[in-house]
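Examining the three-dimensional arrangement
In case you want the letters, here they are:
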Amino acid sequence: MKKKIMGAFLATFMAMSMLVGCGGGSTTTSTESNVSDSVESSDSASDEASADTTTGGGSGKIGVAMPTKDLQRWNQDGANMKSELEAAGYEVDLQYASNDINTQVSQIENMINSDCSMLVIASIDGDSLGTVLAQAKEKNIPVIAYDRLIMNSDAVTYYATFDNYMVGTKQGEYIKEKLDLDNAEGPFNIEIVTGDPGDNNARYFYGGAMDVLNPYIESGKLVVKSGQKEFEEVATANWATETAQSRMDAIISANYADGTVIDAVLCSNDSTALGVTNSLEANYTGAWPIITGQDCDVANVKNMLADKQSMSIFKDTRTLASKVVEMVDAVMKGGEAPINDTETYDNGSLVVPSFLCEPVFADKENYKELLVDSGYYTEDQLK
């Protein structure tokens, strides 16, 4: 690859792997239905969390801004965050923005003006919040960027996420291992589908995976028959399933309609993987490829069990929510939030102190231990 996006961070991540990871999460909250995106209100979720969470003594209102309810993971993130913060004693203003930037800006502005003492924000577009967050800074309201780094703003106090470069690395290494790239003769055909160009995480996912796979592309062991491998060529606006499916339709029509085998598709998350799978089922007649993913959404776990998707990175949203509640509680009580990275995440205005949780991958072999035995899903949800 002409430009290894995240190679410079490898030593940092190796060091971080020896640091203390995230603690256990709270009780699982079931996925919410895709109702209109508005203020979240769930007393039952709060009551359930109160029974299992010992943190308490907090006071004040916390604004939690989530991007959309269209993806399962944001429903889980929002519900877990709300229940744990309320169990810790805080009032919570939880808002979903229907993936509309102006809506999210307006929601955050309302939080600032309605006496929220702290903000937790999963941004739609990391570059879109500078002006509204300047208002938060003027009022000395701390801001935690949640899972997506907020760019070009000095109002960001902390960042909490999973190790996003490691997500991509694990996806790339999975393909490398399953194709036995160091020993097999090849060549193997691969296509690449990553995420929204406005989501800074997408570049980390892509960079981690390509730092593993690009040497094999350059040597000819892996072949991208579509010729599309640069980030801008393989990005998927809004991580949309339909967009990924449409692009894969075109790739198959132009390069694989004659039965040429696709050996692997690097998909950065489950919504894009679902689009690729839908396209393959409709248009592809060759041997089924290795397909990666991320988030362990129900539909994708079902596809793993049906041998239609090979793996998905598991990022336990309960774990991340628990860590963010710990960070919020520390700051609200006059202290500093726990962090384990002070070098990696430069948002253009400052290097944001961060806490990185470690992701793992789930596949058909270990899904029960990771997803069912842990209480994240029930067996019935995956049938």
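Here is what the cut-offs are and how they apply
Residues numbered from 1 in each chain as written. Predicted model: local features only at pLDDT ≥ 70, side-chain atom pairs only at ≥ 80, totals over all residues. Heavy atoms only, no water. Helix = DSSP H or I, 4+ residues; strand = E, 2+ residues; numbered from the N terminus. Buried < 20%, exposed > 50% of the residue type's maximum accessible area, 1.4 Å probe, protein only. Contact = heavy atoms within 4.5 Å. Areas by Shrake-Rupley, 256 points an atom, 1.4 Å probe, with all protein chains shown as cover. Pairing = 2+ DSSP bridges. Axes fitted to C-alpha atoms, helices over the stretch in contact; angles between N-to-C directions. Salt bridge = Lys/Arg side-chain N within 4 Å of Asp/Glu carboxyl O. Phe/Tyr/Trp six-rings, centres within 6.5 Å; stacked < 30°, edge-to-face > 60°. Lys NZ or Arg CZ within 6 Å of the ring centre and 35° of its normal. Parallel < 35°, antiparallel > 145°, perpendicular 65-115°, else oblique. Left-handed = near helix turned anticlockwise from the far one by under 90°. Nonpolar A, V, L, I, M, F, W, Y, C, P; charged D, E, K, R; others polar.

1. A short note on the overall build of the chain
Of the regular secondary structure elements, the chain holds 13 helices and 12 strands. Looking at the 383 residues of the chain, the share that counts as buried comes to 57%. Look at the contacts in the chain between residues 6 or more apart in sequence, and 75% of them connect residues 24 or more apart. For the chain, the exposed area adds up to about 14900 Å²; of that, 46% sits on carbon and sulfur atoms.

2. With respect to the sheet that holds strand β1 (residues 61-66)
Reading across from one edge, β2-β1-β3-β4-β5-β11 is the order of the six strands in this open sheet, with parallel pairing throughout. Either end of the sheet is taken by a strand with one partner, and the two such strands are β2 (91-96) and β11 (354-357). Across the sheet, the mean angle from the axis of one strand to that of its neighbour is 15°, orientation sign disregarded. Pairing geometry for β1 and strand β3 (residues 118-121), over four bridges, is parallel. Bridging from a neighbouring strand, Gly63 pairs with Leu119 of β3.

3. Comments concerning the pattern of salt bridges
Inspection of the entire model under this criterion finds 15 salt bridges. Here Lys364 makes a salt bridge to Asp307, at a shortest N to O gap of 3.2 Å. Of this pair, Lys364 sits in the loop between β12 (360-363) and α13 (367-372) while Asp307 sits in the loop between α11 (298-305) and β10 (311-314), placing them 57 residues apart in sequence. Residue classification places Lys364 among the partly exposed positions, given a relative accessible area of 38%. Here the salt bridges share partners, and the residues they tie into one network are Arg73, Asp77, Asp147 and Lys315.

4. Some details on the packing of aromatic side chains
For the structure on display, the rule yields seven aromatic pairs. Relative to Tyr377, the ring of Tyr376 lies with its centre 4.9 Å away and its plane at 70°, an arrangement referred to as edge-to-face. No difference in accessibility class separates Tyr376 from Tyr377, as the two residues are buried. What links up through ring pairs into an aromatic cluster is the set Tyr159, Tyr204 and Tyr345. Over the ring of Trp74 we find Arg73; its NZ or CZ atom is 4.0 Å from the centre of that ring.

5. Observations regarding the packing of helix α9 (residues 241-255) against helix α10 (residues 270-283)
Put simply, α9 and α10 touch, their axes get as near as 7 Å, and they point 40° apart. Between α9 and α10, the angle falls in the class oblique. With respect to the hand of their crossing, α9 and α10 are arranged in right-handed fashion. Contact with α9, carried on its side by Thr241, Ala244, Gln245, Met248, Asp249 and Ile252, involves Ser271, Thr272, Leu274, Gly275, Val276, Asn278, Ser279, Leu280 and Asn283 of α10 and no other residues of that element. Per-class residue counts for the contact of α9 with α10 are six nonpolar, eight polar and one charged.

6. Topic: the pairing of strand β5 (residues 158-162)
Counting buried positions along β5 gives five out of five residues, so the element sits mostly inside the fold. Along β5, one buried face is formed by Tyr158, Ala160 and Phe162 and the opposite face, lined by Tyr159 and Thr161, is buried too. As paired elements, strand β4 (residues 143-146) and β5 share three bridges and run parallel to each other. By the bridge assignment for β5, Ala145 is matched with Tyr159. As paired strands, β5 and β11 are joined by four bridges and run parallel to one another. The residue of β11 that forms the bridge with Ala160 is Phe355.

7. Notes on the packing of helix α6 (residues 164-179) against helix α7 (residues 200-219)
At a closest axis distance of 7 Å, the pairing of α6 and α7 adopts a crossing angle of 35°. The interaxial crossing formed by α6 with α7 has right-handed handedness. Packed against α6, whose contacting residues are Asn164, Tyr165, Val167, Gly168, Thr169, Gly172, Glu173, Ile175 and Lys176, the element α7 presents Asn201, Tyr204, Phe205, Gly207, Gly208, Ala209, Asp211, Val212, Leu213 and Tyr216 at the interface. Along the lines of polarity and charge, the residues of the contact of α6 with α7 split into nine nonpolar, seven polar and three charged.

8. A few points about the sheet that holds strand β8 (residues 264-267)
The four strands are arranged β7-β6-β8-β9 in an open sheet whose pairing can be described as parallel. Both outer strands of the open sheet, β7 (222-223) and β9 (290-291), are each paired with one neighbouring strand and no more. With respect to the sheet, α9 is in contact with β6 (188-193) and β8, its orientation differing from that of β6 by roughly 150°.

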